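So you can see what is in the structure, the chains are spelled out below.
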Amino acid sequence: MEDDFQNKSDSFMAWLRQQGASISPKIELADLRSRGAGRGVVATADIEADEELFTIPRSAVLTVENSELFTRLRGQATEERMETLPVHDFRADFLDGLGPWVSLILVMMYEYLKGPESRWWPYFDVLPSKFDTLMFWSSDELDELQASA
């Protein structure tokens, strides 16, 4: 199990670099499960103010525009046809009509369900499977945080 956790982390970092990301040697992706967390970025050396720690090209960021779903919804357009289609009009008619969050969630679901065939699978593979943050607590659990005075 430990090896699988580390293998997924290593695969993610290799994938980031393959996508053109640059990552400072002063940080690393660490296993923080012993601290009640999952993965986290930690400093391995002193970091100067305003020092760049990483860059990720826009093409490596999952967006509505760079998901395969966007092309599929446009009728699996060929490169030539894509140049003649009014992209803005198409998005306004469908994806933009869903709103920015719903359209992104739709794209994420599509890419996630593709599994290892998705370009972004190494990213999905390192995401936590469950969260224990206030955002996901029930009203009763949140009420427990109230002062008893």
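Bear in mind the structure is a predicted one, so any value in this text is a computation, not a measurement. (Residues numbered from 1 in each chain as written. Predicted model: local features only at pLDDT ≥ 70, side-chain atom pairs only at ≥ 80, totals over all residues. Heavy atoms only, no water.)

### Quick look at a nonpolar patch on the surface
A grouping of Trp101, Ile105, Met109, Tyr112 and Leu113 is seen on the molecular surface, where their side chains present a nonpolar patch of about 640 Å² in accessible area. Tracing the sequence through the fold places methionine 109 in helix H6 (residues 100-113). Methionine 109 gets classed as partly exposed once you look at its relative accessible area, which sits at 48%. (Patch = residues over 30% accessible without salt bridge, like charges linked within 9 Å, V, L, I, M, F, W, Y side chains within 5 Å. Areas by Shrake-Rupley, 256 points an atom, 1.4 Å probe, with all protein chains shown as cover. Salt bridge = Lys/Arg side-chain N within 4 Å of Asp/Glu carboxyl O. Helix = DSSP H or I, 4+ residues; strand = E, 2+ residues; numbered from the N terminus. Buried < 20%, exposed > 50% of the residue type's maximum accessible area, 1.4 Å probe, protein only.)

### Examining the side chain of serine 9
Examined against the element boundaries, serine 9 turns out to sit in helix H1 (residues 2-18). Those residues in contact with serine 9 that sit more than four places away from it in its chain are Leu29, Arg39 and Val126. (Contact = heavy atoms within 4.5 Å.)

### Brief notes about unusual backbone geometry
Here aspartate 50, not a glycine, exhibits a phi torsion of approximately 65°, which is positive. Along the polypeptide, aspartate 50 turns up in the loop between strand E3 (39-43) and strand E4 (54-55).

### Quick word on the packing of aromatic side chains
The full count for this structure, using the stated rule, is 5 aromatic pairs. Seen from their ring centres, phenylalanine 12 and tryptophan 15 are 6.0 Å apart, and the 25° between their planes marks the pair as stacked. With a gap of 3 residues between them, phenylalanine 12 and tryptophan 15 both fall in helix H1, about one helical turn apart. Each member of the pair, phenylalanine 12 as well as tryptophan 15, is classed as buried. Seen from their ring centres, phenylalanine 12 and tyrosine 123 are 6.5 Å apart, and the 45° between their planes marks the pair as tilted. (Phe/Tyr/Trp six-rings, centres within 6.5 Å; stacked < 30°, edge-to-face > 60°.)

### Describing the layout of surface pockets
Volume-wise, the largest pocket comes out at about 960 Å³. What lines the largest pocket is a set of 34 residues, and nearest its centre among them are Arg39, Tyr123, Val126, Leu127 and Pro128. Elements with a contribution of two residues or more to the lining of the largest pocket: H1, strand E2 (27-31), E3, H6 and helix H7 (121-126). The biggest single contributor to the lining of the largest pocket is H1, with 7 residues. For the lining of the largest pocket, the per-class residue count stands at 24 nonpolar, 3 polar and 7 charged. By volume, the second largest pocket amounts to about 320 Å³. Along its surface, the second largest pocket is lined by Ile105, Met108, Met109, Tyr112, Trp121, Phe124, Asp125, Leu127, Pro128, Ser129, Lys130 and Phe131. Among the elements of the structure, H6 and H7 are those that each provide at least two residues to the lining of the second largest pocket. Among the residues making up the lining of the second largest pocket, the classes are represented as 9 nonpolar, 1 polar and 2 charged. (1 Å grid on protein atoms, 1.4 Å probe; cavity = no way out; pocket = protein on both sides within 12 Å on 5 of 7 lines; lining within 4 Å. Points joined across faces, edges and corners; volume = space filled by probe spheres on them. Nonpolar A, V, L, I, M, F, W, Y, C, P; charged D, E, K, R; others polar.)

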